[in-house]
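A look at the structure
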Amino acid sequence: MHVSNKVNPELLSHFFKMIADGAIMESDLTEFCDNPRLWRKQVPADDSAVVTVTPNTAQPFWQGVWDELLGAGRVAVPPVPKLTKKQVKSLDRFGFMLMYLPALDEDQYPEGFAKPNWSRYLEAAKIERKPLDGMWVAVETIRKPDFDDPTGYPDDRLMAAVKKQSRFNTSWDDLHEGGLLQKIAKAAGFPQKGTRLPTAEEWNLVGNLMNWLREHRSLPLPDLGSTRSWEWCENTCESRNRLYVGYSERGGLAYVGAGWLDHSYDNLGFRVLAVL
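Residues numbered from 1 in each chain as written. Predicted model: local features only at pLDDT ≥ 70, side-chain atom pairs only at ≥ 80, totals over all residues. Heavy atoms only, no water.

1. A few points about the environment of Val-275
Inspection of the secondary structure assignment puts Val-275 in strand β8 (residues 273-275). With 139 residues separating them along the chain, Val-275 and Trp-136 place their C-alpha atoms 6.3 Å apart. (Helix = DSSP H or I, 4+ residues; strand = E, 2+ residues; numbered from the N terminus.)

2. What about helix α4 (residues 85-93)?
Within the span of α4, buried status applies to Gln-87, Val-88, Ser-90 and Leu-91. When α4 is viewed along its axis, its buried side chains cluster within an angular range of 160 degrees and face the same direction. Residues of α4 that are buried sit in contact with β1 (96-101), β2 (135-140) and α7 (180-188). Directly after α4, the chain includes Gly-95, whose backbone phi takes a positive value near 75 degrees. (Buried < 20%, exposed > 50% of the residue type's maximum accessible area, 1.4 Å probe, protein only. Arc of directions from axis to C-beta. Contact = heavy atoms within 4.5 Å.)

3. Regarding the side chain of Asp-173
Counting through the fold element by element, Asp-173 comes out in helix α6 (residues 172-176). Arg-240 is the oppositely charged side chain nearest to the buried, salt-bridge-free Asp-173, at an N-O distance of 5.1 Å. When near neighbours in sequence (up to four residues on either side) are disregarded, Asp-173 contacts Gly-178, Leu-261 and Asp-262. (Lys, Arg positive; Asp, Glu negative; His and termini not counted. Salt bridge = Lys/Arg side-chain N within 4 Å of Asp/Glu carboxyl O.)

4. Brief notes about the environment of Gly-225
Relative to the helices and strands, Gly-225 is located in the loop between α8 (200-216) and β4 (230-237). Placed 21 residues apart in sequence, Gly-225 and Gly-246 show a C-alpha to C-alpha distance of 5.0 Å. Ignoring sequence-local partners within four residues, the contact set of Gly-225 consists of Gly-246, Ser-248, Gly-252 and Leu-253.

5. Some remarks on the sheet that holds β1
The strands that make up a sheet are held in pairs by hydrogen bonds between backbone atoms, and each pair lies either parallel or antiparallel. An order of β1-β2-β8-β3 is seen for the four strands of this open sheet, with the pairing classed as antiparallel. Lying at the two open borders of the sheet, with one neighbouring strand each, are β1 and β3 (195-196). Relative to β8, β2 runs antiparallel, the two being bridged by three bridges. Looking at β8, one finds that Ala-138 is bridged to Ala-274. (Pairing = 2+ DSSP bridges.)

6. Some details on the sheet that holds strand β6 (residues 256-260)
Strand order in this open sheet of four strands is β6-β5-β4-β7, and the pairing throughout is mixed. Edge positions in the sheet fall to β6 and β7 (268-269), since each of these pairs with one other strand and no more. With five bridges connecting them, strand β5 (residues 241-245) and β6 associate as antiparallel partners. Directly across from Asn-241, in β6, lies its bridge partner Trp-260. α8 rests against β4 and β5 of the sheet, and its axis sits at about 145 degrees to β4. (Axes fitted to C-alpha atoms, helices over the stretch in contact; angles between N-to-C directions.)

7. Some remarks on unusual backbone geometry
Even without a glycine there, the phi angle at Asn-169 is positive, about 55 degrees. The exposure class assigned to Asn-169 is partly exposed, which follows from its relative accessible area of 45%. The residue Ser-218 is not glycine, and still its phi comes out positive at about 60 degrees. Relative to the elements of secondary structure, Ser-218 occurs in the loop between α8 and β4. Take Ser-218: its relative accessible area is 60%, and that puts it in the exposed class.

8. Side note on the packing of helix α3 (residues 58-70) against α8
Here α3 crosses α8 at 90 degrees, and the two axes come no closer than 13 Å. When the axes of α3 and α8 are compared, the pair comes out roughly perpendicular. Here Phe-61, Trp-62, Val-65, Trp-66, Glu-68 and Leu-69 of α3 lie close against α8, whose contacting residues are Leu-205, Leu-209, Trp-212 and Leu-213. Of the residues belonging to the contact of α3 with α8, the class tally is nine nonpolar, no polar and one charged. (Parallel < 35°, antiparallel > 145°, perpendicular 65-115°, else oblique. Nonpolar A, V, L, I, M, F, W, Y, C, P; charged D, E, K, R; others polar.)

9. A look at α8
Each α-helix winds once per 3.6 residues, and so residues spaced three or four apart point in a common direction. An ideal rise of 1.5 Å per residue puts 24 Å on 17 residues; α8 measures up with 24 Å between its terminal C-alpha atoms. The buried count for α8 comes to 14 of 17 residues, which makes it a mostly enclosed element. Just beyond α8, the residue with positive phi is Ser-218, at close to 60 degrees. (Expected span 1.5 Å × (residues − 1).)

10. Here we look at the packing of aromatic side chains
Remark: the centre distance and the inter-plane angle together describe each pair of aromatic rings, the angle taken between the planes. One pass over the full model with this rule turns up twelve aromatic pairs. Between Arg-167 and the ring centre of Phe-270, over which it is positioned, the NZ or CZ distance is 5.3 Å. In this arrangement the basic side chain of Arg-242 is found over the ring face of Trp-172, its NZ or CZ atom lying 4.4 Å from the centre. (Phe/Tyr/Trp six-rings, centres within 6.5 Å; stacked < 30°, edge-to-face > 60°. Lys NZ or Arg CZ within 6 Å of the ring centre and 35° of its normal.)

Here is the structure:
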């Protein structure tokens, strides 16, 4: 590999470490060395202050998180499934985070976590519940905007990759029957069957974890319950409705509502979860 004399040796060392950790690929470093000015990745000024979750560090990271949240030994975090090079690159390129979601009931949630309010706006008996199974997932960490924010979902590289302008005004059917989730799986290299919307249970736990990690691990993660918009989930509510979640003025992380699966709404977007 030819290394340009324009490359700072300390910066180069940082990238070699990122390759070893699985955070970037060698082709990224080649691109950087060829033309550093055009390379988009940002290197923190103080690397020691930044917590990174890579395929190599995810298992001990999440074991530490769950030990702190629930007590040592309550959750045994398994090894991360082997990822392809394309999947590893997609984690960084599209803003996915590796998470281990254990098989928890809501009554086992850590203190202070907001639980879904299943019956405030819906008849709870009509909601399809999908208990947490205990598995590794890659979930998008893109910020959920207000529905009337003209910028929409910020720096949305995943939608750019599938040539879609906005996540709003997308129906549940567009994602499933219309093939959008298949296109996303192909762009990111994730399994077709496992690339989907979060369940309402998963979305709620992920939102709580993002808030906790932002406060206790200083990770730059969004508050999914703080904005005036909803996001689709996988769960059904009667035959023609699907759940949506997250509107700040109706309960934030606790909010659970439902909309027609074949309708699109200008205040309803989505995020993607891939089962690994």
